[in-house]
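# Analysis of the macromolecular model
Residues per chain are reported as follows:
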Amino acid sequence: MIREFGVLPDGEVVHEISLRKGALQASVLTLGAIIRDLKVDGQTVVLGFEDLQSYLDHSPYFGAVAGRCANRIAGARMTIDGQEHRLDVNERGRHQLHGGARGFSRRVWQLEQSDKASVLLKLVSEDGDMGYPGRVDVLLRYTLTGTGALRMKITATTDRTTPVNLTQHSYFNLDGSATILDHTLEIAADSYLPVDEDLIPTGEVRKVAWTPYDFQDGRKLRRRAGEETVVFDHNFCLSDASRESVEFAAALEDSSGDRRMEVWTTEPGLQLFDAGGIDVKVPGLEGKRYGPHAGLCLEAQRWPDSVNQDGFTSVLLRPSETYSHVTEFRFS
């Protein structure tokens, strides 16, 4: 089902597409390719809003696709083939976050086709968009599968070498509790990227063993008495390069252990964001108020600030290539 969700200040219409298959129901907006709602056996498992204005005024990227280059780019600048490019600044007055103030999460995507269980969206990002070189054509398909998964498949092409790094930015809470601190998280990574005070990677790749960033065996997000309290907004290194097919990246279980979500992806990185700083001033889905740790993000992507870091996974897309990204959220 397709319905009008709202109208932007410039008059552009935002549509909502409803999908259903088996135990899964999803609502997708053409604004930002946002997953507005996702239900498993009737239980909402993501954070979102009921109206368009709340997304425009209060959303910390709830459910959106971030790009052209997800995550942070230090100094909002990069050099490609010897030429420096200055990007739109929208983070701490000096960096870029998630593609700039009008990145892909703030754009209306074109609805190409839909059926009961899938939707295909298209976005064209022109040369110079938010400071990026080259035109980029993106196709994104969300599919609810018969095995209880939400699959996201993205492809992109360009006419000029440019960074492309897209991610799904849903905030998950599997049981509707006030916080996700009693959820159990497992991440299949033995290394992570330390960051500076601006959350920019320092360039070091550090082992997670004997640190608060070790989720290899699964543990709760809540820190026990006496343990170091840390902010989780870090990339976990799943591999050194993108994979040809999806591989296991992470698993999240609710506080009772009754619901489990696994993340499988082709991407070499997974950004864990525990949303400790969010405090949304308006009601969310089902009238809920979202405070610190109301949900967490598991953002499959290439490593952040790769355009400025030697040895990190490449995010550059050249005209002879096709960007490809598949991530599945599997529920049981």
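These notes cover the structure that comes with them. Bear in mind that the values here come from a model prediction, so they are computed numbers and not experimental data. Counting of residues starts from 1 at the beginning of each chain's written sequence and follows it residue by residue. Whole-chain, interface and lining totals are the exception, using all residues; otherwise, since this is a predicted model, local features are given only for residues with pLDDT of at least 70 and side-chain atom pairs are given and counted only at 80 or more. To get the side-chain values, take all heavy atoms of the structure and skip hydrogens and water.

### Quick word on the overall build of the chain
- Secondary structure elements follow DSSP: runs of H or I of four or more residues count as helices, runs of E of two or more count as strands, with numbering from the N terminus. Secondary structure assignment for the chain yields one helix and 28 strands.
- The reference for a compact globule is 2.2 Å times residues^0.38; the radius of gyration itself is calculated from the C-alpha atoms. Since a compact globule built from 332 residues should have a radius of gyration of about 20 Å, the 19 Å found for the chain is in line with a globular shape.
- Along the first, second and third principal axes, the C-alpha set of the chain runs to 55 × 50 × 40 Å.
- Buried, partly exposed and exposed residues are distinguished by accessible area as a fraction of the type maximum, computed with a 1.4 Å probe on protein chains only: under 20%, between the cut-offs, and over 50%, respectively. Within the chain, buried positions represent 56% of all 332 residues.
- In the structure as shown, the chain presents an accessible area of about 13,600 Å², 46% of it carried by carbon and sulfur atoms. Working definition of accessibility: Shrake-Rupley area with a 1.4 Å probe, residue cover restricted to the visible protein chains.

### Brief notes about the pattern of salt bridges
- Salt bridge, as used here, is a side-chain nitrogen of Lys or Arg placed within 4 Å of a carboxyl oxygen of Asp or Glu. Scanning the model with the defined rule gives 26 salt bridges in all.
- Where Lys39 meets Asp37, a salt bridge forms, and the shortest distance between an N and an O atom there is 2.4 Å.
- One salt bridge connects Arg135 with Asp137, and the closest N-O pair in it is separated by 2.9 Å.

### Points about the pairing of strand β8 (residues 77-80)
- In β8, alternate side chains face the same way, and those of Met78 and Ile80 are buried while those of Arg77 and Thr79 on the opposite face are not.
- Strands pair, by our definition, only if DSSP identifies at least two bridges between them. Two strands pair when backbone bridges link them, and β8 and strand β9 (residues 83-86) are joined in this way by four bridges, in the antiparallel orientation. Paired with Met78 across the bridge in β9 is His85.
- In this structure, the hairpin formed by β8 and β9 is closed by a connection of two residues, where Asp81 is found at a positive phi of approximately 50°.

### Examining the nonpolar core
- The biggest cluster of nonpolar side chains holds 59 residues, and the ones touching the most others in it are Tyr142, Ile187 and Phe331.
- The element best represented in this core is strand β13 (residues 136-144), accounting for five residues.
- Core analysis: the next-biggest nonpolar cluster, separate from the first, contains 24 residues, Val14, Leu31, Leu47 and Leu52 among them. Take the buried Ala, Val, Leu, Ile, Met, Phe, Trp, Tyr and Cys residues and link them wherever side-chain atoms come within 4.5 Å; each set so joined is a nonpolar core.

### Quick notes on the sheet that holds strand β1 (residues 2-7)
- Overall, antiparallel pairing links the five strands, which are arranged β1-β2-β3-β4-β5 in an open sheet. Only two strands of the sheet have a single partner each, and these edge strands are β1 and β5 (43-44).
- Relative to strand β2 (residues 13-21), β1 runs antiparallel, the two sharing five bridges. Bridge pairing in β2 links Ile2 to Ile17.

### A short note on the environment of Phe232
- For Phe232, the position within the fold is in the loop between β21 (219-220) and β22 (233-237).
- You can call Phe232 buried: its relative accessible area is 2%.
- Along the primary structure Phe232 and Pro212 are separated by 20 residues, whereas in three dimensions their C-alpha atoms are 9.4 Å apart.
- Two residues form a contact once any of their heavy atoms are found within 4.5 Å. Filtering out sequence-adjacent residues up to four positions away, Phe232 remains in contact with Pro212, Tyr213, Phe215, Arg219, Leu221, Leu272, Phe273 and Asp274.

### Quick word on unusual backbone geometry
- Here the residue pair Gly67 and Arg68 is connected by a cis peptide bond, since its omega of 10° sits within 30 degrees of zero.
- Looking at where Arg68 falls in the secondary structure, it is placed in the loop between β6 (65-66) and β7 (72-73).
- The backbone phi angle of Asp41 is positive, close to 55°, even though this residue is not glycine.
- Relative to the helices and strands, Asp41 is located in the loop between β4 (35-40) and β5.
- Judged by relative accessible area, Asp41 falls into the exposed class, the value being 60%.
- Even without a glycine there, the phi angle at Ala275 is positive, about 55°.
- Considering the arrangement of structural elements, one finds Ala275 in the loop between β25 (269-273) and β26 (296-301).
- You can call Ala275 buried: its relative accessible area is 0%.

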